[in-house]
Structures are given as C-alpha cells and as structure tokens.
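Here are the chains, one letter per residue:
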Amino acid sequence: MKFKLGELFSGPGGIAYGALLAEVMKGNKKFSIEHGWASDYDQDTCLTYVKNICPDQPETVKCVDVRKLKINTLTPIDAFAYGFPCNDFSIVGEKLGFDGEFGPLYTYGVKVLNKFKPKFFVAENVGGITSANEGLAFKKIIKDLERAGNGYVITAHLYKAQEYGVPQTRHRVILVGIDKTLGLKFKVPAPTTKNKYKTAKQALRGIPKNATNNELTKMGANVVERLEYIKPGENIWQTKLPKHLQLNVKGAKLSQIYRRLHPDKPSYTITGSGGGGTHGYHWEEPRALTNRERARIQTFPDHFEFVGSKESVRKQIGMAVPVELAKHIFEAILKTFAGIDYPHIPASIELDSDRIIVKVED
C-alpha cells in the first residue's frame, strides 16, 4: 500500500525525506509513502526540494505564495503534510497568533483536506501555538481540522526531537489526523533515545572534506576572541569578558547569543534567522557552524544538497523538520494502517470532548 503525499509550506524537504524513508512490512505487503506534489513560496527552497525529493518531476513542486496556489489544479493525494508558518506562534518575539500576518495560513491546509480527503495528515508547528491568543487559536485550528474532509481523529503531542535520535533539543507540536471513517487512531510512538541522547560531537563526526554546503563563515577578530573566552555549552551572558568584547544590549538577552555547543550534549535549537551571535558555534574551534554541520544536527544526510546562498541555506535548514523525527512519525502512521502494534506513550496534549486542551506530563 503506497500513500501519495502532498505538502504545503514544504520547506526544503525534511518532512518529505523522512516520509520517503519510512517503510513498513506486514507479511508480503509493504506500506510506504511516495511524493505527489509540494508547494513553497521560496525559490531556493523549492529548488532544494526538487533536487533531493523529486528530480525527475520538477513540475510537481509549485513555487508560489499559498494564497495564489490553485488547489483545484493539484493531483489527488492519500496523505497530506504541512508545517504551516510558525512566525506568529513562536515563543521568540511577540505571540500574535491569529492577529499576525501568518496565523490564518493554516486554513489553506483545511482547504486541501476538504478537496482531497486524504486518509491522514501531519501538521507541525512550534510549542507556542498551544498558548497563542490565550489558547483560543489552537482550539480553533483543532476544531477546523477535525471537521475537514470526512472528519479526522486527531492526536496532538509536543515532540522532543532529542528523544527520537535527533542531536538537538528541538520541541515541536505535531498533529496527526486519520480519516474518522477508517476507525483508526494514531498513537504517539515511544521515544527511542530518551536519556541516551545523541550528542553534538557524535553528530558532527566524520564530515567529508568535500561535503557540499560546508563553507566556513568569515568572522571578525573580535568575534573569534570573544568565542575563545566562552566555554562549551555556555553563552556570552554566562562569560566574564574584557570590556572591549562585551555587548551593549538592552532588554531581553537571548540565551543563544554566541552560545557554543557542548560536545557531550545535544545541540540547542538550530534556527533559520538572526543577526550576529545566532549562527551556532563549535565547542572546540572558535567559529560558527557550517551549514553542513547544521544539516547534520537536523539529521539530513550528507548527500542532501541545499541550493542557494549561504544565508539562504541557513534559513532552509533552520526552518526544516528534522528528518529523523519525521521518519519516526511516518513509520508509526504506516504501522497504524498496517495494524501493527508499536511501543507508544500517552499524548502530551489531551483533546477532550469540550475542546479544552489539557496538557499531560509525559
């Protein structure tokens, strides 16, 4: 049984690559996922997706603002995924939720569900989505998704990527919905690396010298000197610096500013944007991480080549869903359809009959 996957806000292909890697066998029957179509608004992102996911089908990737995408012209799909823009739901900056520019864009996913009625969908966003607009935004999104298509049975969970083989403390809310007419319910797969996390040192070991997207960032002498003072795992605010190396910053002091990785722990969250001091920094060498190192932390394989300038590639990597996390989720979905039991845990977000969101300790 092969599910054809469609995607909105596809990014460079983290979800898609994880989906393509997921395969489940039950007897002689194989359950898998294949590419159907995808859409994103950024040109470099779309070129990266085509290069790595569907090089023989470039026409299936629509590079257009979702508000101008002609959904009625897309081909039928059995599965749907979208990481709708999280800018307005992030804990970094103001939480605008539905009042922001990007909040309402989730509704285009609802339109896809109504048009194609796929057997299942996966929706991804930041943890802040559960509290945007005092929690009302999340309730509205859940309600709209449940009512879309033939109706969906939804499982919502805050996934901690480091517990699923990703060498990074990245937390994301992921919704899995299954067509309610099928009588199935998705269960959250049990963590595979809880308390035995993959470390930054393990992740960055053995990168080939000729690896793509591995250019070093040019840094000023002050930045190099500043990093030499900062210990592994610490940031600029935890370090006593000479006056000429200190930053004159008013207001909130973000913990990632000039923060170096700790070799024996997972990386902190890799981001796609930000000014000086936000690029992620090596624990041993006084330098910013290369994009290939960032891609390793996001569990992209070395042969996955990103298209665009160094800053464009940085953005693509930081916005992506870690491949390994996506693979775990899609494998659990395929096992659900195959009728194969698997180790699972209670969902960390409970959706009760009154549509009240109850967070459960996991």
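Everything that follows concerns the structure shown earlier in this document.
Residues numbered from 1 in each chain as written. Predicted model: local features only at pLDDT ≥ 70, side-chain atom pairs only at ≥ 80, totals over all residues. Heavy atoms only, no water.

Asker: Describe the nonpolar core, with residues and values.
Answerer: Core analysis: the largest hydrophobic core is formed by 36 residues, its most contacted members being Tyr49, Leu204, Tyr258, Leu261, Phe300 and Phe306. Taken together, the elements giving at least two residues each to this core come down to α1 (14–21), α2 (43–53), α5 (200–203), α6 (221–229), α7 (291–297) and α8 (310–319). In this structure, Leu204 is in contact with Leu261, His282, Trp283, Leu289, Glu293, Arg296 and Ile297, ignoring residues within four places of it in sequence. Leu113, Phe138, Ile142 and Ile349 belong to the second-largest nonpolar core, a separate cluster that totals 33 residues. (Core = buried A, V, L, I, M, F, W, Y, C linked by side-chain atoms within 4.5 Å. Buried < 20%, exposed > 50% of the residue type's maximum accessible area, 1.4 Å probe, protein only. Helix = DSSP H or I, 4+ residues; strand = E, 2+ residues; numbered from the N terminus. Contact = heavy atoms within 4.5 Å.)

Asker: An account of the side chain of Gln298 is needed here, citing residue identities and associated values.
Answerer: Turning to its location among the elements, Gln298 is positioned in the loop between α7 and α8. Among the residues examined, Gln298 registers a relative accessible area of 0% and is labelled buried. A polar side-chain atom of Gln298 sits 2.9 Å from a polar atom in the side chain of Gln168. Only 3.0 Å separates the side chain of Gln298 from the backbone oxygen of Ala320, close enough to count as a polar contact. Aside from chain neighbours lying at most four places away, what touches Gln298 is Gln168, Arg170, Ile317, Gly318, Ala320, Pro322 and Val323. (Polar contact = N/O pair within 3.5 Å; in protein donor to acceptor, adjacent residues only side chain to side chain.)

Asker: Give a description of the environment of Pro232 that names residues and reports values.
Answerer: By secondary structure assignment, the location of Pro232 is in the loop between α6 and α7. Each C-alpha atom, one on Pro232 and one on His282, is 8.1 Å from the other, the two residues being 50 residues apart in sequence.

Asker: How would you sum up empty space enclosed by the protein? Please name residues and give values.
Answerer: Under the defined criterion, the tally for this structure stands at four cavities of 30 Å³ or more. The volume enclosed by the largest cavity comes to roughly 50 Å³. Lining of the largest cavity is provided by Gln256, Tyr268, Thr269, Ile270, Thr271, Thr278, His279, Gly280, Arg294 and Arg314. Broken down by class, the residue content of the lining of the largest cavity amounts to two nonpolar, six polar and two charged. What lines the second largest cavity is simply Ile15, Val122, Glu124, Ile174, Val321, Ala326, Ile329 and Phe330. Going through the elements one at a time, β6 (120–126) and α9 (323–338) are the ones with two or more residues in the lining of the second largest cavity. Ranked by residues supplied to the lining of the second largest cavity, first place goes to α9 with three residues. Residue classes in the lining of the second largest cavity are distributed as seven nonpolar, no polar and one charged. (1 Å grid on protein atoms, 1.4 Å probe; cavity = no way out; pocket = protein on both sides within 12 Å on 5 of 7 lines; lining within 4 Å. Points joined across faces, edges and corners; volume = space filled by probe spheres on them. Nonpolar A, V, L, I, M, F, W, Y, C, P; charged D, E, K, R; others polar.)

Asker: Can you lay out the packing of aromatic side chains for me, pointing to particular residues and giving the numbers?
Answerer: The final tally for this structure, using the stated rule, is 14 aromatic pairs. Plain terms: the ring middles of Tyr17 and Phe304 are 5.6 Å apart, the flat faces sit at 90° to each other, and that makes the pair edge-to-face. Placement of Tyr17 in helix α1 and of Phe304 in the loop between α7 and α8 is noted, with a sequence separation of 287 residues between them. Grouping residues by exposure puts Tyr17 and Phe304 together as buried. Ring geometry for Phe300 and Phe306: centres 5.1 Å apart, planes at 80°, overall edge-to-face. You can call Phe306 buried: its relative accessible area is 3%. Counting every residue linked through ring pairs, the aromatic cluster contains Phe3, Phe120, Phe330 and Phe337. Just above the ring of Tyr258 sits the side chain of Arg226; from NZ or CZ to the centre is 5.1 Å. (Phe/Tyr/Trp six-rings, centres within 6.5 Å; stacked < 30°, edge-to-face > 60°. Lys NZ or Arg CZ within 6 Å of the ring centre and 35° of its normal.)

Asker: Got a sec to walk through the pattern of salt bridges? Specific residues and values, please.
Answerer: The full count for this structure, using the stated rule, is 10 salt bridges. Linking Asp65 and Arg67 is a salt bridge whose minimum nitrogen-to-oxygen distance equals 3.0 Å. The class of Asp65 is partly exposed, set by a relative accessible area of 25%. Here Arg287 ties to Glu285 by a salt bridge, and the two come within 2.6 Å at their closest N and O atoms. The class for Arg287 is buried, based on a relative accessible area of 13%. Linked by salt bridges that have partners in common, Glu285, Arg287 and Glu293 make up one network. (Salt bridge = Lys/Arg side-chain N within 4 Å of Asp/Glu carboxyl O.)

Asker: An account of the environment of Ala338 is requested, with residue identities and associated values reported.
Answerer: By the secondary structure assignment, Ala338 is in helix α9. Remark: the alpha-carbon pair of Ala338 and Met1, spanning 337 residues in sequence, is separated by 9.0 Å.

Asker: Explain the pairing of strand β1 (residues 2–8) to me, using residue names and the numbers behind them.
Answerer: With five of seven residues buried, β1 is to be regarded as a mostly interior element. Inspection of the sheet shows β1 paired to strand β3 (residues 29–40) by seven bridges, in the parallel sense. Within β3, the residue paired with Gly6 across the bridge is Trp37. Pairing between β1 and strand β5 (residues 79–82): four bridges, direction parallel. Each residue of the ladder has a partner; that of Leu5, found in β5, is Ala79. (Pairing = 2+ DSSP bridges.)

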